[in-house]
Structures are given as structure tokens and as C-alpha cells.
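A closer look at the structure
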Amino acid sequence: MTAYIIRRLLMALVIIVIVTLIVFFAMRLLPGDPLIIFLGQQASSGSISQEQLESLRVEYGLDKPIMVQYGNWAWGLLHGNLGTSIYYHENVGVLMKDRFPITLHLGVLALILNIVVGVLMGLAAAIRRGTWIDAVSTFLANIGVCIPIFWLGLLLIYFFGLQLHWLPIYGYTSPFEDFWYGSRQLIMPVFCMAITGLSTTARLTRSAMLEVTRQDYIRTAWSKGLRERTVIMKHALKNGLIPIVTVLGMGIGMVFAGSVIIETIFAIPGVGRLLVTSLFAQDYVVIQSGTLVISMIVILTNLLVEISYVWLDPRIRYG
Amino acid sequence: MTELLRVNNLVTQFKTESGVVRAVDGVSYYIDELEIVGLVGESGCGKSVSQLSTMQLISAPGEIAGGEVMFEGQNILQYEANGPRMRAIRGAKIAMIFQEPMTSLNPVLTIGQQLTEMLVLHMKMNDDAARKRAIELMGMVGIPAAASRIDDYPHHFSGGMRQRVMIAMALSCNPRILIADEPTTALDVTTQAQLLELMKEMVQHFRASLVIVTHNLGVVARYAQRIYIMYAGRIVESGTTKEIFGTPRHPYTMGLLKCIPRLDEEEGRKLVPIEGLPPNLINMPATCAFLPRCHYRIDKCYKEPWPELATVNGNHFTRCYADTKEKK
Amino acid sequence: MAEKNTDTKEFSEAPPRVSEWRRFWRVFLQRRIVIFGLVVFALLVISAIFANVLAPYDPYRGNMADSLQQPNKTYWLGTDIQGRDTLTRLIFGTRTALAVGFITVGVAAVIGTTLGMIAGFFGGVASAVIMRVMDALMSFPMLILAMLLAAILGGGIQNVIIALSIASVPGNARVMNGLALSLKENDYILAERSMGSSNRRVMLGHILPNALPPIIVLVTLQLGGIIMAEAGLSFLGIGIKPPGAAWGAMVNDGYRYLLTNPILSFAPGIAIMLVVFAFNMVGDGLRDALDPRLRGVL
């Protein structure tokens with residue numbers, strides 16, 4: 001078991017290093033002088049003199065060989081220095097600190113919705129295979145994966161906001177300030193964020209459970225005279241959990257991808273919106289650091305998922 | 001001897017793309033108290049399906065299409081398949097062990113959990129008593145250091161050990177009948193012998209009847225008192241072990257016996273296989289299913305539908321038109 | 001006394017052997033929803049090819065006098081702020097969708113399959129390096145990775161294709177890696193090797209053909225996701241911008257007029273949904289017809 005965990009940890013570390021390499025060298029692919037890019041508007045408008053540019057170049061360390069630059073940057077990362085935003089003139093870390101909790105708030109709620117409703121739907125479809133429950137659940141899940149979330153957002157805004165005036169159509173309020181209003185603001189964004197993941201989870205749960213219920217040990221369980229609830233909950237579900245938990249790893253990625261769109265539509269000041277504004281402002285520092293942070297979170301979540309297999313599958317636990 | 005189970009005209013079929021397969025086509029048999037009965041036939045003849053049907057463990061695309069299974073005076077086929085009355089019988093009155101020990105136990109639950117759940121459910125024991133009893137049972141079936149192994153997972157046990165666990169599980173609630181569906185087919189010969197001995201001891205100890213489903217005549221020769229021979233979904237011969245082995249009457253049975261190598265025969269005798277292949281069960285003709293492979297066929301066999309079971313001698317029945325008395 | 005025949009009669013034939021093709025088509029076309037998907041797909045292709053003929057108006061230049069009309073007899077789905085007919089732009093949008101979709105999955109399939117084959121077949125260092133890089137790429141959510149690449153390369157349809165291709169390569173590589181790993185253990189591969197076949201011959205002649213069915217299924221299922229991602233990028237303003245006719249961009253354009261002309265945003269969204277749904281259903285059908293055991297995997 002420990003060997004398994006250590007192996008997984010090492011793999012995660014290797015992947016993290018490769019991710020930093022990808023992000024770093026991708027930015028170096030940008031055409032033009034990196035210094036001009038980093039200085040943004042100021043430099044391209046020509047308001048800085050040549051000597052100033054050169055001294056800034058040394059200051060930023062852009063005159064050193066590329067591997068040294070990488071080393072310095074990576075070293076900075078390890079100390080939590082994510083760079084300074086070109087557009088906001090702020091430390092990226094500070095920018096993130098304000099926005100991350102908001103995105104996570106939405107994301108966690110969306111994930112909970114995803115897992116709870118998705119698993120229930122898939123389970124119902126699998127146990128009552130061939131009945132109308134299966135048909136409806138499968139159909140909804142199939143539709144759910146096809147809905148473009150930006151379109152769904154607009155749709156919901158139109159109906160629940162503009163026409164029916166039931167829900168506020170934009171913004172975010174911290175639950176500590178105004179719980180009730182904040183929650184109402186969250187309903188549509190969280191739903192949009194969850195729908196794709198939920199549908200995927202439902203489909204996955206259904207096929208995982210169908211696979212499990214075909215197994216011999218389920219027939220043995222029936223032959224012992226156990227009731228359906230016991231057979232499904234105690235014998236089948238625990239075996240089916242492994243693919244379901246894997247979904248969590250995928251889910252966190254979907255949360256961030258979704259946040260980019262949802263936060264733009266609903267004007268929520270989270271990480272996704274930050275990335276979009278930075279993209280248009282050509283603020284490469286934020287994009288670089290933002291992408292990095294997001295992929296770190298995905299890698300770590302996947303690592304946790306893989307470690308959780310130890311608990312779920314005794315065959316891994318004892319080797 | 002009182003009768004425990006009587007099956008009348010059981011029919012189980014499977015709907016497939018190519019047609020309806022009648023895996024069990026009008027099977028009737030009985031099991032008495034305290035006896036060991038063998039159900040013999042080749043792969044695909046319907047023997048496993050017939051047993052699964054008696055416990056209503058058949059699921060789509062299969063369905064039980066007719067017949068009755070009389071147990072303790074009731075036709076248990078009338079009970080709802082997973083309803084409370086059927087569940088009260090499964091495990092508690094009729095128990096089953098299966099062919100594949102490697103996959104028949106749940107890999108994510110401990111042996112102890114899988115043993116005790118039956119005891120708690122059917123015998124209404126509390127957890128402590130169930131655990132004690134489970135350890136006892138494991139000891140009885142020959143699992144060493146039971147007290148420490150009860151919390152192990154199935155993958156810690158070998159195939160033979162797992163089968164022993166299955167036997168313990170099946171007998172834990174003192175069923176009247178234990179059905180063993182090819183229990184030793186997946187195991188090596190030595191383990192086979194050990195397990196069969198164990199099963200015989202155990203059913204004697206628990207005063208239960210045993211049904212051994214197998215394709216291996218050698219297995220039933222030693223242990224069974226009565227034997228049913230199945231072919232293409234029907235019983236083609238039935239009788240005591242002595243009658244089946246001594247004076248077989250159905251051409252199929254005779255063919256089977258000729259295939260078994262024996263230690264006490266003269267050197268140089270060739271093994272005589274049964275030519276041809278098992279029939280395709282989809283859209284079977286009305287005539288005898290064994291006809292294409294039969295050495296004793298007569299004109300009547302081509303014209304008449306499959307014969308009914310007719311008595312040869314007392315309780316020795318066979319389905320054959322021909323007179324197959326061997327001339328010694 | 002009974003005759004003892006030593007010959008056995010012909011036994012009844014098993015059901016006639018159905019050719020693999022016919023079995024495939026029968027299973028594939030079994031469900032109506034799959035047929036629906038195929039029909040939509042066909043309509044899509046026809047619309048893309050014959051857009052000029054089918055569409056009633058010019059998708060890029062509109063009549064300013066007819067700006068922001070509701071659906072009516074002249075303009076079935078209304079017009080946008082520049083007086084361009086929505087229906088026409090929808091029809092021309094199929095070109096963008098299909099072009100991006102097919103080129104992306106094609107490129108991703110070729111590159112990903114090659115990488116996965118090398119990793120799975122040769123194992124060792126090659127496999128370690130390739131698969132870890134794939135894992136690293138997969139840790140970026142597709143949209144985020146596309147945004148990163150868009151930031152570097154700029155917007156526009158070409159770069160969207162490049163970005164989405166790179167994002168899709170790891171999926172292909174992973175599947176092909178798994179397939180190569182399991183297929184190369186087969187006895188017939190061993191037999192080929194023992195006959196002296198070169199690696200290239202084994203890979204291209206034996207492993208690849210056997211890996212094709214799952215890869216085809218994967219590709220079909222990816223199409224829907226790619227089209228969605230492209231629409232998302234266009235919606236954000238990264239991909240194709242107006243006057244180009246892309247469904248995602250159309251949804252974005254319509255946002256401003258949500259209260260007055262909701263159709264401007266709704267129509268392209270429904271188009272996207274329909275197309276993605278169709279591709280998913282066809283992909284499911286293909287998978288069931290080719291190998292139902294893939295159901296949990298793909």
C-alpha cells in the first residue's frame with residue numbers, strides 16, 4: 001500500500017514539473033520580444049526609452065539563458081511568487097486570493113450537485129433497467145451532455161430572471177454578507193456548472209452499475225436471500241464506486257472550464273472571469289500563473305482520488 | 001423417505017436475436033430427504049439453468065415459462081421472484097454454490113462480512129453470535145486459523161479455500177437442500193476430491209440433501225445415490241447409480257459411459273467418443289434431440305416426437321423408443 | 001432388435017452464418033435514436049456543402065433596414081443588428097462547425113494514435129516520457145488549454161483548430177496506448193514476430209487494424225465535445241468573430257438583445273445542441289455495434 005502511494009506521489013511530481021515546463025516554454029513561443037510583451041501597453045506604445053528597456057530587461061532577468069530563466073521562475077513558484085500582473089499591476093497571488101474562494105464556492109456546490117444527483121440518476125437507471133425510469137434518466141443524461149453551458153445560462157437568465165423575475169441574474173454576494181440573496185444568486189450559475197458533469201456522472205454510474213450487477217458475486221448475493229436494497233447498496237455500489245470516484249478528478253477540471261464561461265455570463269468575480277479579462281488584456285503573466293495553478297489543483301485532486309482507491313479496493317490495499 | 005422438492009415440467013427459455021432457446025424443456029425430478037442426487041450432462045444441456053430456475057435466479061433475457069416447483073407443499077415459482085417469501089427460502093431452505101470460486105465472492109467485502117450477513121438475516125443472530133458461528137463454520141470446512149482469517153478478503157484465499165467458504169456460507173443457515181453447480185470443475189483434481197468429501201460430510205452433518213450438477217460421471221459415481229442424465233434441456237434417463245452405471249438404457253448414457261477410461265479394462269480398448277455435436281437449441285425439431293448422434297435409431301425415431309420418460313424397471317426411467325438392452 | 005449404425009446423420013444446421021457487415025449494420029441501426037443522429041449528420045453535411053444554394057440570403061452582409069426583426073415570413077428566424085438573416089447564418093455556421101470538428105479530430109487522431117502506438121508498443125523510456133507528457137496536457141481543462149494557446153497564437157479559426165487539436169491529442173494517445181499494450185500480448189502478434197516481421201509491419205498491419213474500431217468510436221464521440229468547445233471559445237470572443245458565421249459567436253452577439261430578440265441567441269444554441277446530440281448518439285451506436293464491452297470505457 002505505501003509503495004502504491006509513494007509511486008503515485010512521484011508520478012504527480014513528475015507531471016507537475018512537466019506542466020511547468022509546458023507553461024513556461026509555451027509562453028516563450030509568443031512572437032516578439034518577451035520584454036515588450038511583459039511590459040504590455042506601455043512598451044509597445046513606445047513611451048519607454050531604449051536604455052530603460054535594457055535596464056528593465058536585466059531587472060526582469062530576461063538577459064539570462066533560457067534554462068536559468070526557467071530555474072528562476074520555478075524557484076519563485078516554489079516560494080509562492082506567481083508574478084506581477086501586467087494589467088492590474090498587482091501580485092498575481094493577491095488577485096487569486098480574492099477570487100479563488102468564490103470560484104471554489106460555486107465549484108464545490110456544483111460538484112456536490114453533480115455527484116449526488118448524477119449517482120442517483122445513474123443508479124436508478126441501472127437498477128430499473130429497461131423501465132421508464134431508465135429511459136427517462138438516460139434520455140435526460142444524454143441531452144445534458146449536449147447542452148452548451150453558455151447557452152443554458154442565457155436561457156435561464158431569460159426565463160427566470162427577465163421574464164419571471166424569480167432570480168437575480170448576475171453578481172455574487174458572500175454568504176457572510178447576505179446569505180439568502182447570495183444563495184439565490186448562486187442557483188443558476190451552480191446549476192449551469194453542474195449540468196454537464198452531472199449528466200456524465202449519470203451515464204458513467206449507469207454503465208458501471210450494469211457491469212457490476214452482471215458479476216458472479218451479485219448472483220451469489222441474491223442466492224443468499226438478501227433483499228434488493230442490501231444487494232445494491234452493500235454488494236454492488238461499493239464495487240461500482242471506483243469509476244464514480246474517478247469522475248471527481250474529471251469534475252474539478254470541468255469546474256474550472258465551466259467557471260470561465262459561467263462567471264463571464266453571470267458577472268461573478270472569480271478566477272474564470274479573471275482569466276478571460278486577462279486574455280483580452282494580453283496579460284500573459286496572469287494567464288501563465290492562472291493556468292498553472294488550475295492544473296496543479298487538477299493534478300492534486302487526481303492524486304487524492306488515486307489514493308482513495310486504496311480505501312475502496314482492498315486488492316490494492318494489501319497488494 | 002419424505003420428499004423435499006418436486007419439480008414438474010419446468011420450462012425456462014431465453015429470447016435471443018436468432019430465436020427462442022428452450023434451455024430447460026419440460027424437466028421433472030424430485031429430491032428426497034438426506035439423499036445425494038447427481039444431475040449429469042454436457043455443457044449447454046440446461047442443468048445449471050434448471051437449478052437456477054428453482055431458486056428464481058434467472059434474469060432477462062431468460063424467463064421461466066412454465067412448470068411448478070413444489071417445496072414444503074407450495075409452488076415456489078408462484079412467489080414473486082425477489083419477494084419476501086422467495087427470499088426466505090433462498091439461503092435458508094435451499095442454498096446454492098457456484099462453479100467459479102474466483103468470482104463468486106465479493107472482492108470488496110471480508111469473508112466474515114459475507115458469512116455473517118446470512119446468519120444475521122435468516123437466523124436472526126446478533127453480530128457477536130454471528131461472528132462466533134462464522135468462525136465455527138470456517139473451522140468445520142477446514143479453513144485453518146479461522147479466527148484470524150475471518151477478516152481477510154477473498155483474494156487472500158486460494159480457489160479451493162474460497163469454495164470451502166462458499167460451502168460454509170451455503171450451509172450456515174441449515175438449509176434442507178444444497179445445490180452444488182459444478183462446484184469442482186474449476187479446480188484441480190486433488191482439491192476436487194477433498195471438496196467432494198467435505199461436501200458429503202457436511203450435508204450429513206447438517207442433515208441436508210445435496211444436488212451435484214456436473215458433467216463428470218466419475219464424480220457422481222462415488223457420491224450420488226440417484227442420477228439424472230440431461231440432454232438438450234430434458235432428462236433422458238434417471239435411476240439409481242447402480243442402475244445407471246450397471247444397466248444404462250439411453251444411448252446417450254451408454255455413449256457417456258463408453259468415453260470414460262477405466263483402470264480395470266483390458267489394454268488396447270479404444271475410447272469411443274460420441275460422434276457429432278450437441279444440438280443447436282434454437283428451433284429444435286420435434287423428434288428426439290439425440291437422433292443425429294444415436295447408434296440405436298430405428299424408423300420410429302424419425303417419425304415420432306421425442307419419447308416420454310418410460311419406466312424400464314421400477315424407478316429406472318428412460319426416453320427411448322429403441323430396445324437398447326446390451327447383449328453381453 | 002435395434003440396428004446399430006456406425007454412421008451418424010447430418011445434424012440440423014446452426015443458424016446461417018451472418019456476415020460481419022450485416023450484423024454490424026443490423027445492430028448499428030437498431031435504435032431509432034441512432035438513425036436520428038445519422039439523419040442530422042447527413043443534413044449537416046448537406047448544409048455545409050450546399051450552403052450557398054440552401055441559404056436564402058447573404059450571411060455576411062445584411063440589409064440595415066431590416067435590422068433586428070422577429071421571425072416572420074421573409075426572415076424565418078429573424079435578423080440580427082446588421083440585418084443579417086439568422087437562418088442563413090445558421091446554415092453557414094455548419095461549415096465552421098464541421099470544418100473545425102473534422103480537422104481537429106483528424107489531426108488529433110493521427111498524432112495521438114501515433115504517439116500512443118509508440119508508447120504502448122515499445123514501452124520503456126519512450127512510453128514513460130510520452131505518457132507523462134500526455135498526463136500533463138490532460139491536467140489542463142480543455143477550454144483553459146485552448147485559452148492559453150489562444151493567448152499565445154491569437155484568435156481566429158486556424159488557431160482554434162490548433163489549440164483544440166493539441167487539447168484532444170492526449171485522449172487519443174491514452175486510448176491507443178492501452179490498446180497497443182493489450183493487443184501486443186496476443187498470440188498472433190507473437191506468431192508474426194517469430195516469423196520475422198518488422199516492428200513497423202506488426203504495428204501498422206496488425207495492431208492498428210484491430211485498434212481501429214475503438215478509435216473510430218472515440219473520434220466520433222470527440223466530435224461533439226470539440227464543437228462545443230469551439231462554440232464556447234467563439235462565445236467568449238476568442239475563436240471566430242463576426243462577420244464570420246459561427247454558432248458560438250452568434251449566441252454571444254444575441255446576448256445584448258436577449259430581452260427583445262431572444263431568438264438570436266436561442267437558435268444557434270439549439271443548433272449546437274442538436275449537432276452534439278446527433279454525434280453522441282452515432283458514437284454510442286457505433287460503439288454498441290463494434291464492441292459493446294467498451295461501454296464503460298469510452
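Quick look at the structure, then. (Residues numbered from 1 in each chain as written. Chains lettered and ligands numbered in written order. Predicted model: local features only at pLDDT ≥ 70, side-chain atom pairs only at ≥ 80, totals over all residues. Heavy atoms only, no water.)

The helix and strand inventory of chain B stands at 11 helices and 12 strands. Relative to the compact-globule value of 20 Å for 328 residues, chain B shows a C-alpha radius of gyration of 21 Å, a close match. Oriented by its inertia axes, the alpha-carbon framework of chain B measures out at about 70 × 50 × 40 Å. Sorting the 328 residues of chain B into buried and exposed places 54% on the buried side. Taking contacts inside chain B between residues at least 6 apart in sequence as the whole, the part at least 24 apart equals 64%. Summing over all exposed atoms, chain B offers an accessible surface of approximately 14300 Å²; the carbon and sulfur share of this is 52%. The distance from the centre of the 35 positive side-chain charges to the centre of the 35 negative ones in chain B is 3 Å. (Helix = DSSP H or I, 4+ residues; strand = E, 2+ residues; numbered from the N terminus. Rg over C-alpha atoms; globule rule 2.2 N^0.38 Å. Buried < 20%, exposed > 50% of the residue type's maximum accessible area, 1.4 Å probe, protein only. Contact = heavy atoms within 4.5 Å. Areas by Shrake-Rupley, 256 points an atom, 1.4 Å probe, with all protein chains shown as cover. Lys, Arg positive; Asp, Glu negative; His and termini not counted. Charge placed at Lys NZ, Arg CZ, Asp CG, Glu CD.)

Facing 46 residues of chain A, the contacting portion of chain C comprises 40 residues. Counting each side, the surface lost to burial between chain A and chain C is near 4000 Å², with a carbon and sulfur contribution of 84%. Asp284 of chain C is paired through a salt bridge with Arg203 of chain A; the nearest N and O atoms lie 3.6 Å apart. Inspection of the region where chain A meets chain C yields 3 residue pairs in polar contact (both at pLDDT 80 or more). The set of elements that each furnish at least two residues to the side of chain A that touches chain C consists of helix H1 (2-27), helix H7 (132-144), helix H8 (149-163), helix H9 (179-213), helix H11 (228-266), helix H12 (271-280) and helix H13 (284-312) of chain A. Of the residues forming the side of chain A that touches chain C, the biggest block, 9 residues, is contributed by H1 of chain A. Classifying every residue of the side of chain A that touches chain C gives 39 nonpolar, 6 polar and 1 charged. (Buried area = accessible area lost by both parts, 1.4 Å probe. Salt bridge = Lys/Arg side-chain N within 4 Å of Asp/Glu carboxyl O. Polar contact = N/O pair within 3.5 Å; in protein donor to acceptor, adjacent residues only side chain to side chain. Nonpolar A, V, L, I, M, F, W, Y, C, P; charged D, E, K, R; others polar.)

Residue and element names in this part refer to chain B. Judged by which residues are buried, strand E6 (residues 94-97) turns out to be covered on both faces: Ile94 and Met96 on one side and Ala95 and Ile97 on the other are all buried. Here 4 bridges tie E6 to strand E7 (residues 177-181), and the two strands are oriented parallel to one another. Residue pairing for E7: Ile97 is matched across the bridge by Ala180. (Pairing = 2+ DSSP bridges.)

This brings us to unusual backbone geometry. Residue and element names in this part refer to chain B. At Leu34, a position not held by glycine, the phi torsion is positive, near 50°. Here Leu34 is to be found in the loop between strand E2 (19-32) and strand E3 (36-40). Of the residues examined, Leu34 reaches a relative accessible area of 35% and is grouped as partly exposed.

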